[in-house]
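# Structure at a glance
Each chain is listed here by its residues.
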Amino acid sequence: RSLVVVHFWAPWAPQCAQMNEVMAALAKEHSQVTFVKLEAEAVPEVSEKYGISSVPTFLFFKNSQKVDRLDGAHAPELTKKVQRHASSSSVSAGSNDSAKEDLNVRLKKLINAAPCMLFMKGSPKEPRCGFSRQIVEILNKHGISFSSFDIFSDEGVRQGLKTYSNWPTYPQLYVAGELIGGLDIVKELESSGELDTICPKAQKLEDRLKTLINKAPVMLFMKGSKQVAKCGFSKQIIEIMNSTGVDYETFDILEDEEVRQGLKTYSNWPTYPQLYVKGELVGGLDIIKELKESGELLPVLKGEN
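Note that the coordinates shown come from a computational prediction; the quantities given were computed from them, not determined experimentally. By convention here, each chain's residues receive numbers from 1 onward along its written sequence. For a predicted model such as this one, the threshold for reporting local features is a pLDDT of at least 70, and the threshold for listing and counting side-chain atom pairs is 80 or more; totals across whole chains, interfaces and linings nevertheless cover every residue. In computing side-chain values, all of the structure's heavy atoms are included and hydrogens and water are not.

### Considering the overall build of the protein
- Strands here are runs of E lasting at least two residues and helices are runs of H or I lasting at least four, both read from the DSSP assignment and numbered beginning at the N terminus. Across its full length, the protein holds 13 helices and 12 strands.
- Projected onto its principal axes, the C-alpha coordinates of the protein cover approximately 65 × 60 × 30 Å.
- Throughout, a contact is declared for two residues whenever any of their heavy atoms are within 4.5 Å. The long-range share in the protein, meaning contacts at least 24 apart out of those at least 6 apart in sequence, stands at 63%.
- Residue exposure ignores everything except the shown protein chains as possible cover, and the areas themselves are Shrake-Rupley values with a 1.4 Å probe. Accessible surface, the protein as shown: approximately 16300 Å² in total, 49% of it carbon and sulfur.
- Where the 37 positive side-chain charges of the protein centre and where its 39 negative ones centre are 4 Å apart. Residues scored as charged are limited to Lys and Arg (positive) and Asp and Glu (negative), so that His and the chain ends carry no count. All charge positions are set by atom: Lys at NZ, Arg at CZ, Asp at CG, Glu at CD.

This is the structure:
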């Protein structure tokens, strides 16, 4: 019945080692909490089941049910979540008020995370109820740009948002931080022609990809960023790029599923990282290694070859 905190980590990621130290300190402070480390890439079925796409990620379980998660190396947030969940079985009224306030702050952030936010069951690619599937189909049909949040992934958000918005069911659609409504309202707006004026239109994916590829003379699409690579291949290519002294920009494909999938088709290159120079695909890690060994990498990066 006690709290179990599972850290999905990777040995190649320095931020995971830092968070392991934070966990060790928390374990001394909270003896009733069980802390577990799982190497994410060693248990792909488990990682896939719980949607682990980057490390570090922390999942919180109570009574064998997932009650919360934390993505990224945020020591203060991890400490706060452990304290909150560990003490939730014996909280005072004052603590309840504080937790409610924390949740409301989080809900406000989520609602404003994108100009158009859909809170649904499942994801746009895999809706987990008929109403959610229908609303996604309507938004896609009208070319509306939206982000989504799976309310099954967080019971606190699932219950809290009903009270926060005074709307008892899902899906819920928000535009510019304001509640529009559920499926019936969206259907009415579609019928009246108002939906197209209320919701922001999506930039065509191909145009968006072209813009991103040409954002800088040298663009690297990778898992993570220059500062924090989130897979071994991305880490290796960053080390090679940094050794050249050439300026380059990065795009984290883990932050945008549309770009992640779309760029594979656009470039006809199925894996990441992908390196572009002056809008042209150079290749992935293996190609970059070959160019480095042959001495051609620097001229290619400078657009001379």
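From this point, the narrative continues.
### Observations concerning the domain arrangement of the protein
- Annotation comment: domain bounds sourced from an automatic or database domain assignment. Here the protein is described as being made up of domain 1 (3-87), domain 2 (98-198) and domain 3 (206-302).
- Placing the centre of domain 1 and that of domain 3 at their C-alpha centroids yields a distance of 30 Å.
- With five residues of domain 1 in contact, the opposing surface of domain 3 contributes eight residues.
- A quick way to say it: buried area is the sum, across both parts, of accessible area lost when two parts are put together, with a 1.4 Å probe. When the two sides are added together, the surface that domain 1 and domain 3 hide from each other amounts to roughly 540 Å², 63% of it contributed by carbon and sulfur.
- We count a salt bridge whenever a side-chain nitrogen from Lys or Arg sits within 4 Å of a carboxyl oxygen from Asp or Glu. For the pair domain 1 and domain 3, the interface holds zero salt bridges.
- Under the rule applied, a polar contact is a pair of N or O atoms within 3.5 Å (in protein, one hydrogen donor and one hydrogen acceptor; residues adjacent in sequence only if both atoms are side-chain atoms). There are zero residue pairs in polar contact (both at pLDDT 80 or more) connecting domain 1 and domain 3.
- Here the term charged refers only to Asp, Glu, Lys and Arg, the term nonpolar to Ala, Val, Leu, Ile, Met, Phe, Trp, Tyr, Cys and Pro, and the term polar to all other amino acids, Gly among them. When the residues that make up the side of domain 1 that touches domain 3 are grouped by side-chain class, the tally is two nonpolar, three polar and no charged.

### Overview of the pattern of salt bridges
- Scanning all chains against the criterion turns up 13 salt bridges.
- A salt bridge links Glu239 to Lys235, with the nearest nitrogen and oxygen atoms 3.3 Å apart. Of this pair, Glu239 and Lys235 both sit in helix H10 (residues 232-244), four residues apart, roughly one helical turn.
- Only protein chains enter the accessibility calculation, which uses a 1.4 Å probe; a residue is then buried when its area is under 20% of its type maximum, exposed when over 50%, and partly exposed in between. A relative accessible area of 30% means that Lys235 is categorised as partly exposed.
- Salt-bridge contacts for Glu257 lead to Arg260; the nearest nitrogen and oxygen are separated by 3.8 Å. Of this pair, Glu257 and Arg260 both sit in helix H11 (residues 257-267), three residues apart, which is roughly one turn of the helix.
- Salt bridges sharing partners connect three or more residues here, namely Asp68, Lys81 and Arg84.

### Considerations on the sheet that holds strand E5 (residues 116-120)
- Read from one edge of the open sheet, four strands run E6-E5-E7-E8, paired in mixed fashion. The open sheet terminates on both sides in strands that have one partner only, identified here as strand E6 (147-150) and strand E8 (178-181). Averaged over all pairs of adjacent strands, the angle between their axes in this sheet comes to 25 degrees, without regard to strand direction.
- Helix axes are fitted to C-alpha atoms over the stretch in contact, other axes to C-alpha atoms as well, and angles between N-to-C directions run from 0 to 180 degrees. Seen against the sheet, helix H6 (residues 155-165) touches E5, E6, strand E7 (172-175) and E8 and runs at an angle of roughly 60 degrees to E7. DSSP calls a pair of strands paired once it identifies at least 2 bridges connecting them.

### Topic: the confidence of the model for the protein
- Confidence of the predictor in every single residue is expressed as pLDDT, which spans 0 to 100. Averaged over every residue, the pLDDT of the protein is 89; the share at 70 or more is 94%.
- Every residue in residues 89-95 scores below 50 in pLDDT, and together they form two contacts with partners more than four places removed in sequence or on other chains.

### As for the packing of helix H5 (residues 130-141) against helix H7 (residues 183-192)
- Contact geometry for H5 and H7: axes closest at 10 Å, N-to-C directions at 25 degrees. As judged from the angle between their axes, H5 and H7 are roughly parallel. Both H5 and H7 take part in a crossing whose hand is left-handed. Packed against H5, whose contacting residues are Phe131, Gln134, Ile135, Ile138 and Lys141, the element H7 presents Leu183, Val186, Lys187 and Glu190 at the interface. What sets the label is the angle itself: under 35 degrees gives roughly parallel, over 145 gives roughly antiparallel, 65 to 115 gives roughly perpendicular, and the rest give oblique. Handedness of a helix crossing follows the sense of rotation of the near helix relative to the far helix, less than a right angle counterclockwise being left-handed and clockwise being right-handed.

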